[in-house]
Amino acid sequence: MSALLGIYVQVPFCQTKCTYCNFHTGVVSSGRFAPYVEAVCREIRGYRELYRAAGVELPERFETAWVDTVYFGGGTPSLLEPELLGRMIGAIRETFAGELSEVTLEADPETVEVGKAAAWIRAGINRVSFGVQSFSDRELVAAGRMHRRADIYRAAAILREAGIRNISFDLIAGLPFQTGESWKESLEELGKLAPEHVSVYLLEVDEGSRLGLEILQSGTRYSAGAVPSDNAMAEFYEGACAFLGELGYHHYEISNWARPGFESTHNLKYWRREAYLGFGAGAHSFSGKQRWANAHDAAAYVGAIEARRLPAEQLEAVTRQSALEEELFLGLRQLDGIDVGRIEREYGVALGARFEPLQSAGLVERAGDVVRLAEGKLSVSNEVFVELMR
Ligand code: SF4
């Protein structure tokens, strides 16, 4: 059977910059969208030559690779005219063999319109990942989001009416002004809208966002003082685990839940270390043997592609050691855990000693060859990973 291949397309444009955002995205005039899409289509159609010239060596099995998933992430890809999204899907269909069974579009609620939703479906999009983040207007305003609670209900109804049968909602635990009560309300409102898939992320505090920087420097402009404590965030996360479990969602990855059968086929490829190619500024790719990423800057990316050059910045071979670490790190993110026996055989290593202290500390559980994060310890997974990689 041919190897399955996922395709990621990065659309690095937003209407505004959310205070907590640490992605490389820009607020640009809509006149920049079409030239960017043109460059992405060129990269897709010319990927073999571009890769060859840049030193990317695709394994032979790519000759017969079969594309089944496409993911438009960002940024806010739903800002683009549907016709531009359709062009990129067209370039993928022309270039790769496959049947696109899961085509996801990240969308922000305020960008959803009746005409757009119908055009998305015509273009082949069948899954929408919705940046809900919270149902509290106070939290949305403080986070610099463009949408309000009312937009979420309006947009969800439009998507359903248009015939999107696979919707994912994102929530963030840890936004400024979030309380136990407001978090519970966000979960309950989400439950009423019954998305097929849910992602819950903890607020990331780092220098890459204005809010993160302010928390680290104790400033006041972005409401850093109103960010819940780490303990509160961990409680919110545990609350989400319990609530979504009661509603019948399958918790399959640390941050992800799905109705049975609605797990994200595309995202599973990342955690299972399957191949994916990323197109667009800042997009990451993994061939099984190499990892690389395109330049983040959209203008630099477009300039390079127009000059028939792949702006690959971090091309590196995946060493045996880094592959092993990825197996452990990505494997443990999945609630099914990792098959230690398989990894020991494939990599010729003994892992028992690495897991024993974590097992004794109650952080991981082992049943035969399968090791997984212990129940109730998912919110401290980062500490577990740090210990494991020592
Ligand atoms: S919409 Fe998403 S990508 Fe854009 S600024 Fe906000 S968090 Fe960042």
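Parameters and conventions
Residues numbered from 1 in each chain as written. Predicted model: local features only at pLDDT ≥ 70, side-chain atom pairs only at ≥ 80, totals over all residues. Heavy atoms only, no water. Helix = DSSP H or I, 4+ residues; strand = E, 2+ residues; numbered from the N terminus. Buried < 20%, exposed > 50% of the residue type's maximum accessible area, 1.4 Å probe, protein only. Salt bridge = Lys/Arg side-chain N within 4 Å of Asp/Glu carboxyl O.

Some details on the environment of serine 229
In this fold, serine 229 is placed in the loop between α8 (210-217) and α9 (230-246). When its relative accessible area of 43% is taken as the criterion, serine 229 is described as partly exposed. Distance from serine 229 to glycine 174, taken between C-alpha atoms, is 7.9 Å for residues 55 residues apart in sequence.

A look at the environment of glycine 115
Examined against the element boundaries, glycine 115 turns out to sit in helix α4 (residues 114-123). Note: C-alpha distance between glycine 115 and arginine 308 (193 residues apart in sequence) is 35 Å.

A short note on the pattern of salt bridges
Inspection of the entire model under this criterion finds 18 salt bridges. Note that aspartate 68 is salt-bridged to lysine 269, the shortest N-O span being 2.6 Å. Of the two residues, aspartate 68 sits in strand β2 (residues 66-74) while lysine 269 sits in helix α10 (residues 265-271), which places them 201 residues apart along the sequence. A relative accessible area of 8% means that aspartate 68 is categorised as buried. Residues arginine 342 and glutamate 346 are paired through a salt bridge, measuring 3.1 Å at the closest nitrogen-oxygen approach. With arginine 342 and glutamate 346 both in helix α13 (residues 340-347) and 4 residues apart, this pair spans about one turn of that helix. Given the relative accessible area of 29%, arginine 342 is considered partly exposed. Take glutamate 346: its relative accessible area is 45%, and that puts it in the partly exposed class.

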